[in-house]
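Spelled out, the chains give:
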Amino acid sequence: MLDLEVVPERSLGNEQWEFTLGMPLAQAVAILQKHCRIIKNVQVLYSEQSPLSHDLILNLTQDGIKLLFDAFNQRLKVIEVYDLTKVKLKYCGVHFNSQAIAPTIEQIDQSFGATHPGVYNSAEQLFHLNFRGLSFSFQLDSWTEAPKYEPNFAHGLASLQIPHGATVKRMYIYSGNSLQDTKAPVMPLSCFLGNVYAESVDVLRDGTGPSGLRLRLLAAGCGPGLLADAKMRVFERSVYFGDSCQDVLSMLGSPHKVFYKSEDKMKIHSPSPHKQVPSKCNDYFFNYFTLGVDILFDANTHKVKKFVLHTNYPGHYNFNIYHRCEFKIPLAIKKENADDQTETCTTYSKWDNIQELLGHPVEKPVVLHRSSSPNNTNPFGSTFCFGLQRMIFEVMQNNHIASVTLYGPPRPGAHLRTAELP
């Protein structure tokens, strides 16, 4: 049985690990994977058809804990303990819930001190006792008498007199004063772990199409003082098509991984007559997982030729590999008898809306099947790739965009084979 420390408005954890409000989804999953022998039977709950309408939930069924992540920014919003019989809980090092200590109203009052009058929800038959960043729900259906309101004692406030021995049914840890209005806080400094994260990514464009990326980056920087003086630093960096490998390294730092392409699965769709000519060297990607961005370099020139932006929707084959890239892509809209207009495509745009703006692609989509080996199938199904304005939109079956690939302008003489170059 897990023995966890409750920190209101902040976290739930022990000396080895901690689930902290504002933590990215990937870090919580990494904790669960590292301690898989202790924390077992974890469910991932999400809406397949409308993933933005419901929170993304990690349900620790063996331990009676739910981690609720904001559907948009994918940071930890609420920690819910829905079965207190499966876990030990303490506050300031003193247990208020264990096999020997029942979490009664008296125990909660003794451990946490006084609070405001509670709120009774007649529909749920639950009585909610709220502290800042912490709420307890008491079940009322086992009580022999209805809750007593004492407006005279509370000077007009509806104060509930809770019978002795009532025990906690659920506990919530969240940010702020209200569970209903809570939002996922900004990522705490303890979660940066030396990484740089992208707050937003703007796609820059010229007259013909995308020209590069402008990234607004977040890092936990510390000056010459102590580590405790660390503060969040915000800075902007821009990378463009044609930038060298060294340019990108100086702007964004070292990638998390370098991936060399062994083969080009899309070569067959190329208009080039040299589809069957094997390349002498391989193009390679810089994978920036915490930015949600991949950058492809040409094997011969070592210059940027593609950017890939990932949305990290649940139900996609690459889910939880990349952090969500919060991108904005300006789209040039041509209308008859009017000047060109610019609309914006974001991480949360749906493909139907983009098609209405840009017009339907001339060619049928390329169907993309992913599997880790020939014997494994992709449980999430295929995605569809549409090409428009030097961009390839990878669209999931629920109409959301899984990734966007941006191409640089065609280089003069790019159709020549390497062997033909001087």
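Residues numbered from 1 in each chain as written. Predicted model: local features only at pLDDT ≥ 70, side-chain atom pairs only at ≥ 80, totals over all residues. Heavy atoms only, no water.

Looking at an unreviewed UniProt entry, one finds the chain named Phagophore assembly factor 1, with Oryctolagus cuniculus as its source organism. A UniProt comment under Sequence similarities (unreviewed entry) is attached to the chain, and it reads "Belongs to the PHAF1 family." (UniProt positions renumbered as here; feature names shortened; annotations may be inferred.)

Chemist: How should the pairing of strand E27 (residues 391–395) be read in this particular structure?
Modeler: On a regular strand, each side chain points to the face opposite its neighbour's, so the side chains alternate between the two faces of the sheet. Along E27, 4 of the 5 residues are buried, which leaves the element largely enclosed by surrounding structure. Taken together, the 5 bridges between strand E26 (residues 383–388) and E27 define a ladder with antiparallel strand orientation. Paired with Gly387 across the two strands is Ile392, which belongs to E27. Linking two consecutive strands that pair antiparallel, namely E26 and E27, is a turn of 2 residues; a positive phi of about 50° is found at Gln389 within it. Of the pairings in the sheet, the one linking E27 to strand E28 (residues 401–407) comprises 5 bridges and is antiparallel in character. Residue Ile392 lies in a different strand from E28, and its bridge partner there is Thr405. Hairpin connection from E27 to E28: 5 residues lie between these consecutive antiparallel strands, with Asn399 at a positive phi of about 80°. (Buried < 20%, exposed > 50% of the residue type's maximum accessible area, 1.4 Å probe, protein only. Helix = DSSP H or I, 4+ residues; strand = E, 2+ residues; numbered from the N terminus. Pairing = 2+ DSSP bridges.)

Chemist: Explain the environment of Asn318 to me, please; I cannot follow it from the model alone.
Modeler: In this structure, Asn318 sits in the loop between strand E22 (304–310) and strand E23 (327–333). Relative accessible area serves as the criterion here: at 16%, Asn318 is assigned to the buried category. Sequence separation between Asn318 and Ala402 is 84 residues; the distance between their C-alpha atoms is 9.0 Å. Those residues in contact with Asn318, other than ones at most four positions away along the chain, are Asn312 and Arg370. (Contact = heavy atoms within 4.5 Å.)

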